[in-house]
Amino acid sequence: MRHGIVVMNLGDFADPRTVVRLGRLAESSGWDGLFLWDHLGFVWDGPSADAWTTLAMVAGTTERLILGTAVSPIARYRPHVLANALATLDVGSGGRVVLGVGLGGVPREFGSFGEPEDLRARAEMTDEALEVITRLWSGETVTHQGRHYTVHEIALAPLPAQRPRIPIWVGGMSHAALHRAARWDGWLASTATQQLTMSHDPAALAAVVERLQLHRREAGRTSEPFDVVVDGYTAPNDRMLVAEYAAAGATWWLESLHGMRGTTEELFARVAAGRAR
């Protein structure tokens, strides 16, 4: 089991310098990764930091932390631009990037800019964007003519440091999300609720993991590594809780840090205390 933190990109953490300080603290306190929400909070609430720019700043001041999003709604990105940005970040960080993807939970973040709010359309765009991004990361010369995206004989450079590509984790609890996750490298279970509880206990998580394993067998992916990522809330002495989720199939625990949990000072203190032991 690896241990990371997942941080909102809103409120006080909309200041990237705050996230940079948190990243340095997380690394020195023994955490394995830092993941950011990827919301356009300025559309509906208040300030928000650009997730990937902020992670690039964290990468420049850390050496070991795995860095990624939980999750990026890639239907609002141009896939070739995102592929290039993440490949650059992966090279610059020494191969420490994970792309967490989802459909996006706030339709207004799409509709405010004339982009599709319809969930089915965003699902189509997500699947097609992942195809374009991963083909570009492969180094091949890509030609693609799809419903949403077009590429004419383009080979990406630089390529990601990680080969064959940057890992892709898929978030969501729906039947379609689980099928999508099974085709890639990991599943973000999104188990932390805003009420500071867990939406799935270890037994429920184990049942979902079993379904994922079935989907992966159907996709012919069982021989490849696969991460199951849960987020939640612990005190530093909650070792048994984390162990129960590990026994259920989780490979990562992400400590969930957001404004409903406490003040910025309290969240920093929790990170400084280290992983649950």
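Further up the page is the structure itself.
Residues numbered from 1 in each chain as written. Predicted model: local features only at pLDDT ≥ 70, side-chain atom pairs only at ≥ 80, totals over all residues. Heavy atoms only, no water.

Chemist: Would you explain the packing of aromatic side chains in this entry?
Modeler: When we look at a pair of aromatic rings, we describe it by the centre distance and by the angle of the planes. Inspection of the entire model under this criterion finds five aromatic pairs. With a centroid separation of 6.4 Å and 10° between ring planes, the pair formed by Phe13 and Phe268 is classed as stacked. With a gap of 255 residues between them, Phe13 in the loop between β1 (2–7) and α1 (16–28) and Phe268 in helix α9 (residues 264–272) connect regions that are remote in the sequence. Grouping residues by exposure puts Phe13 and Phe268 together as buried. Three or more aromatic residues joined by ring pairs make a cluster, and in this case those are Phe35, Trp169 and Trp252. Lying over the aromatic face of Phe110, Arg122 brings its terminal NZ or CZ to 4.7 Å of the ring centre. (Phe/Tyr/Trp six-rings, centres within 6.5 Å; stacked < 30°, edge-to-face > 60°. Helix = DSSP H or I, 4+ residues; strand = E, 2+ residues; numbered from the N terminus. Buried < 20%, exposed > 50% of the residue type's maximum accessible area, 1.4 Å probe, protein only. Lys NZ or Arg CZ within 6 Å of the ring centre and 35° of its normal.)

Chemist: It is not clear to me how the packing of helix α3 (residues 79–93) against helix α5 (residues 119–138) should be interpreted in this structure. Could you clarify?
Modeler: Angle between the axes and distance between the axes: these two values describe a pair of packed helices. Running from amino to carboxyl end, α3 crosses α5 at an angle of 45°, the nearest separation of the two axes being 9 Å. By the criterion of interaxial angle, the relationship of α3 to α5 is oblique. Here α3 and α5 pass one another in a crossing that is right-handed. Here Pro79, His80, Leu82, Ala83, Leu86 and Ala87 of α3 come into contact with α5, specifically with Ala129, Val132, Ile133, Leu136 and Trp137. A breakdown of the residues in the contact of α3 with α5 according to their chemical character gives 10 nonpolar, one polar and no charged. (Axes fitted to C-alpha atoms, helices over the stretch in contact; angles between N-to-C directions. Parallel < 35°, antiparallel > 145°, perpendicular 65-115°, else oblique. Left-handed = near helix turned anticlockwise from the far one by under 90°. Contact = heavy atoms within 4.5 Å. Nonpolar A, V, L, I, M, F, W, Y, C, P; charged D, E, K, R; others polar.)

Chemist: Explanation requested: the nonpolar core in the structure shown.
Modeler: If you look at soluble globular proteins, the nonpolar side chains tend to sit buried side by side. The biggest cluster of nonpolar side chains holds 78 residues, and the ones touching the most others in it are Ile5, Trp52, Ile74, Leu99, Trp137, Trp187 and Leu205. For this core, the leading source of residues is α5, giving seven residues. Not counting the four nearest positions on each side in its chain, Ile5 is found in contact with Leu22, Ala26, Trp31, Gly33, Leu34, Phe35, Leu254, Glu255, Leu257 and Val271. (Core = buried A, V, L, I, M, F, W, Y, C linked by side-chain atoms within 4.5 Å.)

Chemist: Help me out: how do you make sense of α9 in this one?
Modeler: Those residues of α9 not exposed but buried are Thr264, Leu267, Phe268, Arg270 and Val271. Looking down the long axis of α9, one finds its buried residues gathered within 160° of arc, a one-sided arrangement. Backbone geometry just downstream of α9 places Gly274 in the positive-phi region, at approximately 90°. (Arc of directions from axis to C-beta.)

Chemist: I'm lost on unusual backbone geometry in this one. Help?
Modeler: For residues that are not glycine, phi is negative in most cases, and the peptide bond is trans in most cases. Between Ala70 and the following residue, Val71, the backbone shows a cis peptide bond with an omega angle of 0°. Mapped onto the elements, Val71 comes out in the loop between β3 (66–69) and β4 (72–73). Of note, the amide linkage connecting Arg163 to Pro164 takes the cis form, showing an omega dihedral of 10°. One non-glycine residue, Glu153, lies in positive phi territory at about 50°. Here Glu153 shows up in strand β7 (residues 150–154).

The analysis is restricted to geometry; functional conclusions fall outside its scope.
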